[in-house]
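Breakdown of the fold
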Amino acid sequence: MSKDEPKSWTPEQAAAYAAVYGLSPPPDKAELERLCAMGERVAATARSIARMPFKSDEPASVFKVPLQK
Amino acid sequence: MTALGEQLSLTSLSAIEAGRLIAARKITPVELVEALVARVESVDDKLRSYITLMADTALEAARKAEIEIAAGRWRGPLHGVPYGVKDNYHVKGVRTTAGSRLMWDYVADETSTLIERLEAAGAILLGKMNTWEYGTGTGEILEDLPFPLARNPWNVEHFTGGSSTGVGVGVAAGTALFGLGSDTGGSIRLPAAATGVVGMKATYGLVSRAGCLPNCWSLDVTGPLTWTVEDSAVILETIAGADPRDPQSAGVPAGSYRQGLGSGVRGLVIGVIRDFGKNAPALAPDVAANLEAAEKALAKAGARLVTLALPAPLSTYRSVSSVINWGESYSIHEKDFQERRHLMGKALRDKMTAGFMLRAADFIAAQRQRRPLVAATDAAMRTCDAVLTPCTFGTAPRFGNQEALIEFTMHAATSIFNLSGHPAISVPTGFDAQGLPTSAQVAGRYFDEATVYRVAKVIEDALFDASRRPAI
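Figured I'd write up the structure that's included with this text. Since the structure is predicted, the reported quantities are computational estimates derived from the model, not experimental observations.

**So, unusual backbone geometry**
The omega torsion of the bond from S24(A) to P25(A) falls at -5°, within 30 degrees of zero and hence cis. A cis amide bond links G162(B) to the next residue, S163(B), at an omega of 15°. One can find S163(B) in the loop between β3 (124-129) and α6 (165-173). Positioned with a positive phi, A98(B) is a non-glycine residue whose angle comes to about 50°.

This is the structure:
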């Protein structure tokens, strides 16, 4: 894999990530594999979304007042 | 006529037909509820349209409706008409399972606004209907949920579409005269397409989501599945409109949708979207043929059809929607994932995992992309009075063909209008060579459900035989 290609999640990384974010009980081997696979899929989908060119391009969800309860 | 024949004729009525017969005192609400309960008992071991049948409370409501109508207190066209709701709608004191072990024991402490409005209109809630877990799925069928799969009444070996599985099945098979579903990426329109009924996803914010388990706040729309376009229009008039309980309520009143149904489409400009970009699935021949028949019917009725270009490939709408859905859905159900994910089916667990693995920057990137994409879509929509597209690219696949099930669900043209917020309806256009329903999707300008219904009605009048029901 070249240095420009996105790297894949490893089970160790997925385990560490899960521990940082408090996933309990800790994922077993099968779940770690699934975390890696879904992590890949999510990252690939996110990379496919074009980034907006200007800093002033706001998200669709920006806060607006009055905010309904 | 035999008792079974009478039962079948009552359960084959549209909601409005039933309402007219009740108002004319030709049938009673009790007879109707009894016929539907008998129908459920007769077919639902095969179809599994219901999770919780509320026969006793429905009969009590039916008796009350009879007394009111006899006393001259008729509430309107839905008075005494039984319906079902996807089991993600809350009814106070009644179990809401959302198709999940996570909510196995959950009893709601509130009633959804839509159910309250239908109750005020005199409609009778018959029960909570089958759904994918938390309204979530890719189409992949693993039978890892606590309730048996719903089955397509046109052929029980075939898919129902989802996630409002039970409502689509029930309306087609006559176990409910209409139903309420919810739609985040197609979950009203996909089961409508699979089961040959009408499924309306109105403009985002027109119909309250209060009291319905959220799936993705930015995309969720609640709405009806019905046998006919007229039914859908009347029900939408009843349920739509501002609701202070829903923070995303658009604050506009319900429109008048039924009145203009017979206006036809003469003079309307209808944009036809044919190109969905690279990697879009091919349209199945029968779906394409029936879509062409819909176009011809509209042209014959005086509409001008023009080709409309989508501002981005279908895949872009799907990617942006997926990222937003993953992020928000994870936030909604984070506690469930953190503490009880072992109780989830694979589809929900995978979706929660996706949200868990998603970076904030990517979620915001999707929201930033959403704004110009929606603006461009709206600009395209504004060049026409309405838009015609396929709903699904094929008909309901056979169970067991996972690839086809996923393709039917994930590669439909529905997510365009969830992301953009425009109203969009799935309307039947006939059948394929195997006897499975085909469909088209009609979309419109924001809050112009009236025109969407007018176009759908012309298609329905030309291509839909309301007397043809599944032979189950």
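**Some remarks on the interface of chain A and chain B**
The interface of chain A with chain B comprises 34 residues on the first partner and 32 residues on the second. Between chain A and chain B the total buried area reaches about 2700 Å² when both faces are included, carbon and sulfur atoms providing 58% of it. Put simply, chain A and chain B have three salt bridges between them. In this structure, the salt-bridge partner of D362(B) is R51(A), at a minimum N-O distance of 2.5 Å. Put simply, chain A and chain B have 14 residue pairs in polar contact (both at pLDDT 80 or more) between them. Every element with two or more residues in the side of chain A that touches chain B is listed here: α1 (11-20) and α2 (29-48) of chain A. When residues in the side of chain A that touches chain B are grouped by element, the largest group, 10 residues, is from α2(A). Among the residues forming the side of chain A that touches chain B, the class breakdown is 19 nonpolar, seven polar and eight charged.

**Comments concerning helix α4 (residues 55-70) of chain B**
All names here are of chain B. Over its 16 residues, α4 runs 22 Å from end to end, which matches the ideal 22 Å to within 8%, given 1.5 Å per residue. Among the residues of α4, A55, A58, L59, A62, A65, E68 and I69 are the ones counted as buried. Looking at the buried residues of α4, the elements they touch are α2 (15-23), α3 (29-47), β1 (50-53) and β3. Looking one or two places after α4, you find G72, whose phi comes out positive at around 85°.

**Overview of the environment of P397(B)**
Relative to the helices and strands, P397(B) resides in the loop between β9 (386-390) and α14 (402-410). The exposure class of P397(B) is buried, given its relative accessible area of 10%.

**As for empty space enclosed by the protein**
Residues and elements named next belong to chain B. Counted under the stated rule, the structure contains two cavities of 30 Å³ or more. Put simply, the largest cavity is a space of about 50 Å³. Looking at the largest cavity, the residues that line it are K86, N88, Y134, G135, S163, S182, D183, T184, S187, L213 and N215. Residues of the lining of the largest cavity, tallied by class, amount to two nonpolar, seven polar and two charged. In terms of lining, the second largest cavity is formed by I273, L308, A309, L310, P311, T377, A380, M381, I416 and F417.

**Concerning the pattern of salt bridges**
It is possible for side chains bearing opposite charge to pair when their charged atoms get close. Residues and elements named next belong to chain B. Counted by the stated rule, this structure contains 22 salt bridges over all chains. Salt-bridge contacts for D350 lead to K346; the nearest nitrogen and oxygen are separated by 3.1 Å. You can see D350 and its partner K346 sitting in helix α12 (residues 346-356), four residues apart, about one turn around the helix. Of the residues examined, D350 reaches a relative accessible area of 10% and is grouped as buried.

**Here we look at a nonpolar patch on the surface**
All names here are of chain A. A contiguous nonpolar patch, built from V62, F63, V65 and L67 and spanning about 430 Å² of accessible area, is present on the exposed surface. Secondary-structure assignment places V62 in the segment after α2. Overall, the relative accessible area of 37% leaves V62 in the partly exposed class.

**A closer look at the layout of surface pockets**
There is about 1200 Å³ of room inside the largest pocket. Lining the largest pocket are 29 residues, with A60(A), S61(A), V62(A), Y204(B) and Q248(B) sitting closest to its centre. If you list the elements that add at least two residues to the lining of the largest pocket, you get α13 (360-381) and α15 (415-420) of chain B. Grouping the amino acids of the lining of the largest pocket by side-chain chemistry returns 14 nonpolar, 10 polar and five charged. Considered as a void within the structure, the second largest pocket measures approximately 850 Å³ in volume. Taken together, 40 residues line the second largest pocket, and the ones lying closest to its centre are R41(A), G137(B), T138(B), S322(B) and M410(B). Per-element accounting of the lining of the second largest pocket gives the leading share, seven residues, to helix α10 (residues 314-332) of chain B.

**Some words on the nonpolar core**
Residue and element names in this part refer to chain B. Ranked by size, the top nonpolar core spans 87 residues in total, and within it F178, L236, L298, L388, V442, Y453 and V455 carry the most contacts. Here this core takes seven residues from α3, the largest share from any one element. Ignoring any residue separated from it by four or fewer positions in sequence, one finds L236 in contact with M200, A202, L206, V207, Y257, E449 and Y453. Counting residues in each nonpolar core, the second largest holds 33 residues, with L308, W326, L419 and A443 among its members.

**Some words on the side chain of S321(B)**
Residue and element names in this part refer to chain B. Following the sequence through the fold, S321 ends up in helix α10. Judged by relative accessible area, S321 falls into the buried class, the value being 8%. Separated by 2.7 Å, the side chain of S321 and the backbone oxygen of Y317 make a polar contact. Setting aside residues no more than four positions away along its own chain, S321 makes contact with L219, S415 and L419.

**A word on the packing of aromatic side chains**
A full pass over the atoms with the stated rule returns 16 aromatic pairs over all chains. An angle of 50° between the planes, with centres 6.0 Å apart, marks the rings of Y330(B) and F356(B) as tilted. Taken together, the residues Y330(B) in helix α10 and F356(B) in helix α12 connect sequence positions 26 residues apart. In terms of burial, Y330(B) and F356(B) fall into one category: buried. Each member of the aromatic cluster is reached from another via a ring pair, and the members are W9(A), Y17(A), Y21(A), Y330(B), F337(B) and F356(B).

**Quick word on the packing of α1(A) against α2(A)**
All names here are of chain A. Their axes nearest at 9 Å, the elements α1 and α2 cross at an angle of 95°. In this view, α1 runs roughly perpendicular relative to α2, as classed from their interaxial angle. Contact residues: P11, A14, A15 and A18 in α1; L32, L35 and C36 in α2. The class makeup of the residues in the contact of α1 with α2 is seven nonpolar, no polar and no charged.

**Some details on the side chain of S426(B)**
By secondary structure assignment, the location of S426(B) is in strand β10 (residues 424-431). Non-local contacts of S426(B), meaning those with residues more than four positions away in its chain, are made with R189(B), A192(B), A193(B), V197(B), V198(B), G199(B), C391(B), S439(B) and A440(B).

Quick notes on the rules
- Residues numbered from 1 in each chain as written.
- Chains lettered and ligands numbered in written order.
- Predicted model: local features only at pLDDT ≥ 70, side-chain atom pairs only at ≥ 80, totals over all residues.
- Heavy atoms only, no water.
- Helix = DSSP H or I, 4+ residues; strand = E, 2+ residues; numbered from the N terminus.
- Contact = heavy atoms within 4.5 Å.
- Buried area = accessible area lost by both parts, 1.4 Å probe.
- Salt bridge = Lys/Arg side-chain N within 4 Å of Asp/Glu carboxyl O.
- Polar contact = N/O pair within 3.5 Å; in protein donor to acceptor, adjacent residues only side chain to side chain.
- Nonpolar A, V, L, I, M, F, W, Y, C, P; charged D, E, K, R; others polar.
- Expected span 1.5 Å × (residues − 1).
- Buried < 20%, exposed > 50% of the residue type's maximum accessible area, 1.4 Å probe, protein only.
- 1 Å grid on protein atoms, 1.4 Å probe; cavity = no way out; pocket = protein on both sides within 12 Å on 5 of 7 lines; lining within 4 Å.
- Points joined across faces, edges and corners; volume = space filled by probe spheres on them.
- Patch = residues over 30% accessible without salt bridge, like charges linked within 9 Å, V, L, I, M, F, W, Y side chains within 5 Å.
- Areas by Shrake-Rupley, 256 points an atom, 1.4 Å probe, with all protein chains shown as cover.
- Core = buried A, V, L, I, M, F, W, Y, C linked by side-chain atoms within 4.5 Å.
- Phe/Tyr/Trp six-rings, centres within 6.5 Å; stacked < 30°, edge-to-face > 60°.
- Axes fitted to C-alpha atoms, helices over the stretch in contact; angles between N-to-C directions.
- Parallel < 35°, antiparallel > 145°, perpendicular 65-115°, else oblique.

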